[in-house]
Structures are given as structure tokens and as C-alpha cells.
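Each chain, letter by letter, is given below.
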Amino acid sequence: MASISTDSKGNRSIQFVNADRKRKRVHLGKMPMKTAERFRTHIEALNYANSLGGVPDIDTAEWVDKLGDVMRDRLAAVGLVPRRESAILGPFVDAYIELRTDVKEETATVYGHTRRCLVEFFGESKSLRDLTPGDADEWRLWLAENQELAENTVRRRCGIAKQFFRVAVRKGVIRSNPFADVKAGLQRNSSRQRFITRAEGDAVLQACPDAQWRLLFVLSRYGGLRCPSEHLALTWGDVDWSRGRLRVPSPKTEHHEGGDARLIPLFPEVLQELNTVWDALPDNTPATEPVITRYTSASQNLRTTFEKIVRRAGLEPWPKIFHNLRATRETELAETYPMHVVCAWIGNSAAVAAKHYLQVTDEHFQQAGAEAAHIPAQYTAVVAGTAGNSKDGKSEIPERNPCVPLGTPEIVGVTGLEPVTSTV
């Protein structure tokens, strides 16, 4: 049993004996006796549940959930409830990012960008429990207008913020996620898509300064590799010369089952440049030697150099300069191979390919126009010959019988099925 005591200044406290037979005290401060009695009832329930190794009743659990930080910490100090993680924005996000040692460096960078934006807008010491869905909406608008971020960048940061607060809900720090309804998830932006034709690819290839850059380019444009992570992960042991296959390690998807690598054909364009680089190596080159040696870190900036190469080829650098090479290759392959084969080679799903990769090209329109030009000539002649057959210049094409499906020859005359007979 727990007891309530009051000191000379009117401050109340509750004393109880815990499961270890030790006397503990919870300071309540000044409050009405009825309120203190409610505290005593729930403290007794918590103490009883702890002594049995169980959980408290629903009423007590809900009461604890509604407690403020100060009183919750006092209950935690005497072992009645678990210590709750910080409900302050900055420390909570920092603790989560520090915990996520399993994510890639690029993902950790995005975590940092999102953390910076949250703290800049709400403040380092903002309580997570004070944030509302309206606050989340205002933050999203601020990202677009004040930070001048592209829509997909805004969506990605909102998705990360939603992830931060989802963890806070699961840990019991907050009761609901204020970012739950904020729009996240990348959208297709057709204005940033570009199909890189083979003629353009040949021009870029000729403008590359050396064999390493030629190989970097063909692995992107004709192999469909993610640049630069998959290029830099390649070793000569991944090249299966005899079977005409290339094993592509995939750092981005290695945490998924079976996503550590994929096999692609040694496409002719890729094989030619691989042979060029291989022939220049010493005979004793080990299988563990990286294929690309010009760069060693995926964090190195290849974009600036590649844009210079594209300009040297007489072209204007296109948006998403490496992604569009991959998307171009997947679009090409989809014209020839089943989609499940294409996705296995590119390393994505059919849904992702349809939303972010596959493109409608000028060749598609040209092909459709060429097919339209092959409409049978007699169809045109028949249509042209029906005009002006009547004396008044109107077409005498008989009205179609609505009971006959389209495309069915009308062999029944206007007189019906039976021959015309004289009136009896």
C-alpha cells in the first residue's frame, strides 16, 4: 500500500515499498488531496504490476501516457515506468541518426539535411508533443517557398521527417505522428526526363578524355548501372568473359534479400570498352582489382566533369545527367525483352520502371506515323469513290443496320431474307 504525506508547506508526496522491499518516495508538489489520491491509486497499480512482472491496467496505462514530462520523469526515477526518450526535437533526432549505423552515407546525409531544416524552422528545443499536423503543413510549404527546393526534394525530406516522428510514436514519446498526412514519396517529373539517343551517345563517347571515362559512360548508358556507386564497386572478378555476363554489385540494394548484386549481359558496347581497359593492364592483375581506378569514392563529384564532357561533345547537359542514361537504357531494352528480364538487368521493379524510368521517345511517334502511312490504298479509294454518286452530290452509302456488329459484312439486302413475291 502507498501512503500520502504532506509537509509544513503543503507539498504532498507518496511513499511506497517496491518489489525489492525498498521504500521509495514520489514528490507531487502542491495539489488537492483528491488529485493526490488519484496519483496514489495509479502508483499502487504500477507498483503491483512491476512486482508481478506484468503490465498495468488500461486506465493506469492511459493515465501515464497523459502525464507531463516532469511527473513522468519522477515516476521513472523510482522505477515505476521506463525512462522515456527525450521529447525535444534536436536531441531526439540526433539520437536517432546516431543509432542508424546501418544506412548508407548518402542516406545519412539526407537525414542531416532534414534535421537541419526541422531545427531551423521549429527550433532546437521544440517539444515533439507540441507539434501539430498544421505545423507540419507549414514546414512543408516553407521548404518549397523559403528553401526553394524542387518538389521531389521537398517530398523526400517530408518522408524522412515522417520517419523520424513515426519512430517517436513507436517509442511512446508522442501519441500521434503530425507528419502522417504530409505528402511524401517521389513523383515523376516528365520535364526532367531526357532520352539520350545513340547518336548523342557516340558524340559523348568520342569526347571522353580517356578509356576510364569511356567505360564509365558505356556502363551507364548501355549497361544501365547506377553511377557512381555500382561502377566503383566493380572488380575484374565480376567479369565473366566466357559466359558473356557481368556481375554488378549494388550497394544501394544490398540490404534487401538477394539485392547485393545482379547479372547483366556483356552488351557489345560495354564489352568493347572493358576489353580496351583490360588489355592495358599487366598480366598479373588480380581479380580483386577495381575496374574503375580513376575514382575510388562514391562521394566524389563526377557530375561536374561529366557535364564538361557533354559540352565538349557539342551537347547541352540534360537534367538528372546520370539517371537519364539508366532510364534511356531501360526504355531501349523494354522494346525488345520481357519486362521481368529488363527489371532484373536494371535492378528495379516494374512499378518503379513505369513511374520513373520508361519514356515515350520521338522514335515511338515516328514508328506510329510510318504504320499509319501503310493503310491499304483501296480503303482510301473506296471512301473517295462513294462521294458524289447521287444526283444531288450526296453520298449513297446505305445506312448501316444497327443490329449488325461493326466489322461484319452486310449481306442481307433491304428486302429482307425472303425473295420479293407478288401480292396475292
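Residues numbered from 1 in each chain as written. Predicted model: local features only at pLDDT ≥ 70, side-chain atom pairs only at ≥ 80, totals over all residues. Heavy atoms only, no water.

## So, unusual backbone geometry
Okay, step 1: Following C227, the chain continues into P228 via a peptide bond in cis, with omega recorded as 5°.
Okay, step 2: By the element assignment, P228 lies in the loop between α9 (211–221) and α10 (229–233).
Okay, step 3: Residues other than glycine seldom take positive phi values, yet R21 does so here, at roughly 65°.
Okay, step 4: With respect to the helices and strands, the residue R21 is situated in the loop between β2 (12–17) and β3 (23–29).
Okay, step 5: Its identity as a non-glycine residue notwithstanding, E148 has a phi of 55°, on the positive side.
Okay, step 6: In this structure, E148 sits in the loop between α6 (133–145) and α7 (151–170).
Okay, step 7: Its relative accessible area of 68% is what places E148 among the exposed residues. (Helix = DSSP H or I, 4+ residues; strand = E, 2+ residues; numbered from the N terminus. Buried < 20%, exposed > 50% of the residue type's maximum accessible area, 1.4 Å probe, protein only.)

## Points about the packing of aromatic side chains
Okay, step 1: Summed over the entire model, instances satisfying the criterion amount to 18 aromatic pairs.
Okay, step 2: Relative to Y111, the ring of Y96 has its centre 6.0 Å away and its plane inclined at 45°; by these criteria the two rings are tilted. One end of the pair, Y96, is in helix α4 (residues 89–99); the other, Y111, is in helix α5 (residues 105–122), with 15 residues separating them in the sequence.
Okay, step 3: Owing to a relative accessible area of 3%, Y111 belongs among the buried residues under this scheme.
Okay, step 4: Here the aromatic rings of F165 and F179 are separated by 4.9 Å at their centres, their planes lie at 35°, and the arrangement is tilted. Linking F165 in helix α7 with F179 in the loop between α7 and α8 (198–207), this pair joins segments that are 14 residues apart in sequence. Across the pair, exposure class does not vary: F165 and F179 are buried alike. (Phe/Tyr/Trp six-rings, centres within 6.5 Å; stacked < 30°, edge-to-face > 60°.)

## Side note on the nonpolar core
Okay, step 1: In terms of nonpolar packing, the biggest core is built from 41 residues, with W213, L215, F217, L246, L274, F306 and W318 touching the most fellow members.
Okay, step 2: Those elements that place two or more of their residues in this core are α8, α9, β5 (245–249), α11 (268–279), α12 (303–312), α13 (323–334) and α14 (339–346).
Okay, step 3: Per element, the largest residue contribution to this core is six residues, and it comes from α9.
Okay, step 4: The contact partners of L246, leaving out residues within four places of it in the chain, are L219, L234, D238, V239, R262, L263, I264 and L266.
Okay, step 5: Residues A87, I160, F165 and A168 belong to the second largest nonpolar core, which totals 29 residues. (Core = buried A, V, L, I, M, F, W, Y, C linked by side-chain atoms within 4.5 Å. Contact = heavy atoms within 4.5 Å.)

## Quick notes on the pairing of strand β6 (residues 261–265)
Okay, step 1: Burial along β6 is one-sided: the residues R262 and I264 are buried and none of A261, L263 and P265 is.
Okay, step 2: Pairing of β5 with β6, which is carried by five bridges, proceeds in the antiparallel orientation. Residue pairing for β6: R247 is matched across the bridge by L263. (Pairing = 2+ DSSP bridges.)

## Some points on the packing of α5 against α7
Okay, step 1: Between α5 and α7, the least distance of the axes is 9 Å, while the angle of their chain directions is 85°. Compared by their axis directions, α5 and α7 come out roughly perpendicular. On the side of α5, the interface is formed by V110, Y111, H113, T114, R115, R116, C117 and L118, while α7 contributes R156, R157, I160, A161, Q163 and F164.
Okay, step 2: A breakdown of the residues in the contact of α5 with α7 according to their chemical character gives seven nonpolar, three polar and four charged. (Axes fitted to C-alpha atoms, helices over the stretch in contact; angles between N-to-C directions. Parallel < 35°, antiparallel > 145°, perpendicular 65-115°, else oblique. Nonpolar A, V, L, I, M, F, W, Y, C, P; charged D, E, K, R; others polar.)

## Notes on the environment of P32
Okay, step 1: In this fold, P32 is placed in the loop between β3 and α1 (33–52).
Okay, step 2: Separated by 21 residues in the primary sequence, P32 and N11 have C-alpha atoms spaced 9.9 Å apart.

## Here's the deal with the sheet that holds strand β1 (residues 3–6)
Okay, step 1: Pairing is antiparallel across the open sheet formed by three strands, whose spatial order is β1-β2-β3. Every interior strand has two partners, whereas the edge strands, β1 and β3, have only one. Neighbour-to-neighbour, the strand axes of the sheet open up by a mean angle of 25°, direction not taken into account.
Okay, step 2: Judged from the four bridges that link them, β1 and β2 form a sheet pairing that is antiparallel. Of the residues in β2, the one forming a bridge with S5 is S13.

## Observations regarding the sheet that holds β5
Okay, step 1: Taken in spatial order, the three strands of this open sheet run β4-β5-β6, and their pairing is antiparallel. Two strands lie at the open edges of the sheet, namely β4 (239–240) and β6, each paired on one side alone.

## Some details on the environment of P265
Okay, step 1: Mapped onto the elements, P265 comes out in strand β6.
Okay, step 2: Every residue in contact with P265, bar those within four places of it in the chain, is listed here: G244, R245 and W345.

## Observations concerning the packing of α9 against α13
Okay, step 1: It is at 7 Å that the axes of α9 and α13 come closest, and there the two elements cross at 50°. Classified by the angle between their axes, α9 and α13 sit oblique to one another. Between α9 and α13, the contacting residues are F217, S220 and R221 on the first element and L325, R326, T328, R329 and E332 on the second.
Okay, step 2: Residues of the contact of α9 with α13, tallied by class, amount to two nonpolar, two polar and four charged.

## Structural notes on the side chain of T361
Okay, step 1: Mapped onto the fold, T361 is located in the loop between α15 (350–357) and α16 (362–372).
Okay, step 2: Not counting residues up to four positions away in its chain, the partners in contact with T361 are F195 and T331.

## As for helix α2 (residues 58–66)
Okay, step 1: Of all the positions in α2, only T60, W63 and V64 are classed as buried. Relative to the axis of α2, the buried residues are bounded by an arc of 100° and lie together on one face. Turned more than 90 degrees away from the buried face of α2 sit I58 and K66, all of them exposed.
Okay, step 2: Among the structural elements, α1 and α3 (69–77) are those in contact with the buried residues of α2.
Okay, step 3: Its side-chain oxygen 3.1 Å from the backbone nitrogen of D59, D57 forms the N-cap of α2. (Arc of directions from axis to C-beta. Polar contact = N/O pair within 3.5 Å; in protein donor to acceptor, adjacent residues only side chain to side chain.)

Shape descriptors only; they carry no functional weight alone.
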